[in-house]
Number of protein chains: 2
Amino acid sequence: MVHNGIEYAMMQLISEVYGILKTAGLSNEELKDLFTEWDRSGLQSFLIEITARVLDKKESPGNLLVDMILDKAKQKGTGMWTSQSAMDLNVPVPTIDAAVSMRYMSSMKEERVLTAESYGNEKKHIRADKKDIITLCKNSLHFSFLLSYAQGLQLLRVASVNYKYGVDISEVLRIWKGGCIIRSALLNDLWKAYHDDPSLTNIIHSPRIRPFLASMRDDIASLTRIAIDSRIPVAALSASLNYFDAYCSAQLPANLIQAQRDYFGAHTYERVDKPGTFHTEWN
Amino acid sequence: MVHNGIEYAMMQLISEVYGILKTAGLSNEELKDLFTEWDRSGLQSFLIEITARVLDKKESPGNLLVDMILDKAKQKGTGMWTSQSAMDLNVPVPTIDAAVSMRYMSSMKEERVLTAESYGNEKKHIRADKKDIITLCKNSLHFSFLLSYAQGLQLLRVASVNYKYGVDISEVLRIWKGGCIIRSALLNDLWKAYHDDPSLTNIIHSPRIRPFLASMRDDIASLTRIAIDSRIPVAALSASLNYFDAYCSAQLPANLIQAQRDYFGAHTYERVDKPGTFHTEWN
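Quick notes on the rules
Residues numbered from 1 in each chain as written. Chains lettered and ligands numbered in written order. Predicted model: local features only at pLDDT ≥ 70, side-chain atom pairs only at ≥ 80, totals over all residues. Heavy atoms only, no water. Contact = heavy atoms within 4.5 Å. Buried area = accessible area lost by both parts, 1.4 Å probe. Salt bridge = Lys/Arg side-chain N within 4 Å of Asp/Glu carboxyl O. Polar contact = N/O pair within 3.5 Å; in protein donor to acceptor, adjacent residues only side chain to side chain. Helix = DSSP H or I, 4+ residues; strand = E, 2+ residues; numbered from the N terminus. Nonpolar A, V, L, I, M, F, W, Y, C, P; charged D, E, K, R; others polar. Core = buried A, V, L, I, M, F, W, Y, C linked by side-chain atoms within 4.5 Å. Buried < 20%, exposed > 50% of the residue type's maximum accessible area, 1.4 Å probe, protein only. Axes fitted to C-alpha atoms, helices over the stretch in contact; angles between N-to-C directions. Parallel < 35°, antiparallel > 145°, perpendicular 65-115°, else oblique. Left-handed = near helix turned anticlockwise from the far one by under 90°. Least-squares fit on C-alpha atoms with pLDDT ≥ 70 in both. 1 Å grid on protein atoms, 1.4 Å probe; cavity = no way out; pocket = protein on both sides within 12 Å on 5 of 7 lines; lining within 4 Å. Points joined across faces, edges and corners; volume = space filled by probe spheres on them. pLDDT = per-residue confidence, 0-100. Phe/Tyr/Trp six-rings, centres within 6.5 Å; stacked < 30°, edge-to-face > 60°. Lys NZ or Arg CZ within 6 Å of the ring centre and 35° of its normal.

### Some words on the interface of chain B and chain A
(1) Moving on: Between chain B and chain A, the residue contacts involve 111 residues of the former and 111 residues of the latter.
(2) Moving on: A combined buried area of about 10300 Å² lies between chain B and chain A, and 64% of that area is made up of carbon and sulfur atoms.
(3) Moving on: We note a salt bridge from R231(A) to D218(B), for which the minimum N-O separation is 3.0 Å.
(4) Moving on: For the interface between chain B and chain A, the tally reads 53 residue pairs in polar contact (both at pLDDT 80 or more).
(5) Moving on: Elements with a minimum of two residues in the side of chain B that touches chain A: α1 (2-23), α3 (46-54), α4 (78-88), α5 (94-107), α6 (109-119), α10 (210-229), α11 (235-247) and α12 (254-265) of chain B.
(6) Moving on: Considered class by class, the residues forming the side of chain B that touches chain A number 54 nonpolar, 28 polar and 29 charged.

### Quick word on the nonpolar core
(1) Moving on: Membership of the largest hydrophobic core comes to 208 residues, with the highest contact counts inside it found for I20(A), W38(A), I20(B) and W38(B).
(2) Moving on: Dropping the residues within four chain positions of it, W38(B) is found in contact with V17(B), L21(B), L43(B), Q44(B), I48(B), I134(B), C137(B), K138(B) and L141(B).

### Brief notes about the packing of α4(B) against α5(B)
Residue and element names in this part refer to chain B.
(1) Moving on: As a packed pair, α4 and α5 sit with axes 9 Å apart at the nearest point and diverge in direction by 135°. The angle between the axes of α4 and α5 places the two elements in the oblique class. Crossing geometry of α4 relative to α5 is assigned as left-handed. Residues G79, M80, T82, S83 and M87 of α4 lie in contact with α5, whose contacting residues are I96, D97, V100 and Y104.

### Some thoughts on the pattern of salt bridges
(1) Moving on: Scanning all chains against the criterion turns up 38 salt bridges over all chains.
(2) Moving on: Its salt-bridge partner being E270(B), residue K74(A) comes within 3.2 Å of it at the nearest N-O pair. In this pair, K74(A) sits in the loop between β2 (63-64) and α4 (78-88) while E270(B) sits in the segment after α12, so the two residues belong to two different chains.
(3) Moving on: For E270(B), a relative accessible area of 26% corresponds to the partly exposed category.

### Brief notes about the relation of the copies chain B and chain A
(1) Moving on: If you rotate chain B by 180° and push it 0.0 Å along the axis, it lands on chain A with an RMSD of 0.0 Å. This pairing of chains is accounted for by a two-fold axis.
(2) Moving on: The share of interface residues of chain B whose copies in chain A are also at the interface is 100%, consistent with both copies meeting through the same surface.

### Considerations on the layout of surface pockets
(1) Moving on: What the largest pocket holds in volume is close to 910 Å³.
(2) Moving on: T23(A), K123(A), K124(A), I232(A) and Q251(B) are the residues nearest the centre of the largest pocket, which is lined by 40 residues in total.
(3) Moving on: Those elements that place two or more of their residues in the lining of the largest pocket are α1 (2-23) and α10 (210-229) of chain A together with α10 and α11 of chain B.
(4) Moving on: The element that contributes the greatest number of residues to the lining of the largest pocket is α1(A), accounting for eight residues.
(5) Moving on: Looking at the lining of the largest pocket residue by residue, the class counts come to 17 nonpolar, eleven polar and twelve charged.
(6) Moving on: One number sums up the size of the second largest pocket: a volume of about 600 Å³.
(7) Moving on: Lining the second largest pocket are 25 residues, with Q251(A), L252(A), G19(B), T23(B) and K124(B) sitting closest to its centre.
(8) Moving on: Ranked by the residues each element gives to the lining of the second largest pocket, the list is headed by α1(B), at seven residues.

### Some words on the confidence of the model for chain A
(1) Moving on: With 100% of its residues at a pLDDT of at least 70, chain A reaches an overall mean of 96.
(2) Moving on: Here the predicted complex scores 0.98 on pTM and 0.98 on ipTM.

### Topic: the packing of aromatic side chains
Here the distance between the centres and the angle between the planes together describe a pair of aromatic rings.
(1) Moving on: If you walk through the whole model with that rule in mind, you get 16 aromatic pairs over all chains.
(2) Moving on: On the basis of an interplanar angle of 90° and a centroid distance of 5.2 Å, the ring pair of F244(A) and Y119(B) is categorised as edge-to-face. Residue F244(A) is found in helix α11 (residues 235-247), and its partner Y119(B) is found in helix α6; the two belong to separate chains. Each member of the pair, F244(A) together with Y119(B), is buried.
(3) Moving on: When the ring centre of Y8(B) is taken as origin, the NZ or CZ atom of R103(B), which lies over that ring, is 3.9 Å away.
(4) Moving on: Here the basic side chain of R271(B) rests over the ring of F278(B), its NZ or CZ set 5.9 Å away from the ring centre.

### Here's the deal with unusual backbone geometry
When glycine is set aside, most residues are seen to have a negative phi, and most peptide bonds are trans.
Residues and elements named next belong to chain A.
(1) Moving on: For N90, which is not a glycine, the phi torsion comes out positive at approximately 60°.
(2) Moving on: Following the sequence through the fold, N90 ends up in the loop between α4 and α5 (94-107).
(3) Moving on: A positive phi angle, near 50°, is found at A266, a position not held by glycine.
(4) Moving on: Assignment of secondary structure puts A266 in the segment after α12 (254-265).
(5) Moving on: For A266, a relative accessible area of 45% translates into the label partly exposed.

Below you can see the structure in the form of structure tokens.
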């Protein structure tokens, strides 16, 4: 199930990048060549490979089959179960959540067409250098693929502890490397990270993974800004970026939420300066 | 339950805006005055009102209690149930999902402190005119509060149809207006929208609500860009923006996802040019 949750995230991320590149003016031929090239890079993976093949499948000379496919993505429920189970275990998996809710959004085709009309359905444009956009897209996929695995593997770890599964994460990674839909070159790095430190709570902490995330964060930030400017929805890319920025925030404004909860529901709070549980009569 | 899901979303949104305003250099005194002022504007609501009061609660001269509260937000599960139920019913509620997963993220305090250290924990800054930021924050809250209600009410509507509850949405809104944690001036507009058209699937379609969303979309986009630049996580604001931009997209890149699903799982697809269900041997 967690494998499939990660798969939902990776597919949504690829589709967002595909949409951005198309809007930036890449032809189908250029898209096919790019995904083929990426499949020989650090992004090498089954899903990138089949994307290149999908982008090479013509149904008549000059016409790609994928362009005739309706943009309603169905689902069998395994991505949803992953998000629901992660919530039961209090593990944040926002990239997977975004992929799941975007499947639902995609299936609301008739509503989307109506809304686009009533809000002004102008054609979307990206005005930026193609080469720059391609680099941003590549690094954004690398970054967000890593964080999709990070979320799924943390869920697996917490589930294993809570449900006493005794899952060996490096063994899971070895099996996934052997052949599955989310197999990728990145799994080699992840396997090494868990081999170095089997007690890893999240690959974000691994010294092997840190340089990649640290160096690519600003590229996914730039790509997200470009998408926002062009009114292109990037739910899974944004969720990955926000997940990373939140994980790197020693301080979050959640103290206000605890204050509000204590105000209206006497749910109590902890303090920064001393242990214990406190309640205040706010009024 | 849906009331509480919307409540989670609104609280997370307020906390994100509070965090941005603090980073932009507003003092506690200025924050208190601003929330007090907002509570006399179109944002008038119980949650804005109690935020102003929280920001006025000193524990000693010059020291606010909220600044001594630990940034770990707890939860009793009702937000989670809303997200999980929405997934069961295939209704996208991404702002609520983001609020739920940010509660989990907030509680991982010790991990966040470690990650912040290893990735370089520089102080966050926003370099922008205070008055401009305040306007962006106000409109972003208005926009994202509306979309939090939109998501919750759509869930309630779909649940009512599926489970044969016979819920009258305008009656729900009348009751919420009477007194509850998510009561707000905005509920008056929503009540009118459902009174005009009881069959409304989502308030995004309402001619009463459209001018607000249309005019404020670029402000929440600007605020999100500023937050991204400053490495401030804005999971719920981003989710609201992406939800809106996706809802307004007649075409999404989900055709690629359906192609991939048909490629590796023979899950079939629909076409844009003729009805029916199709499968292709891609290799």
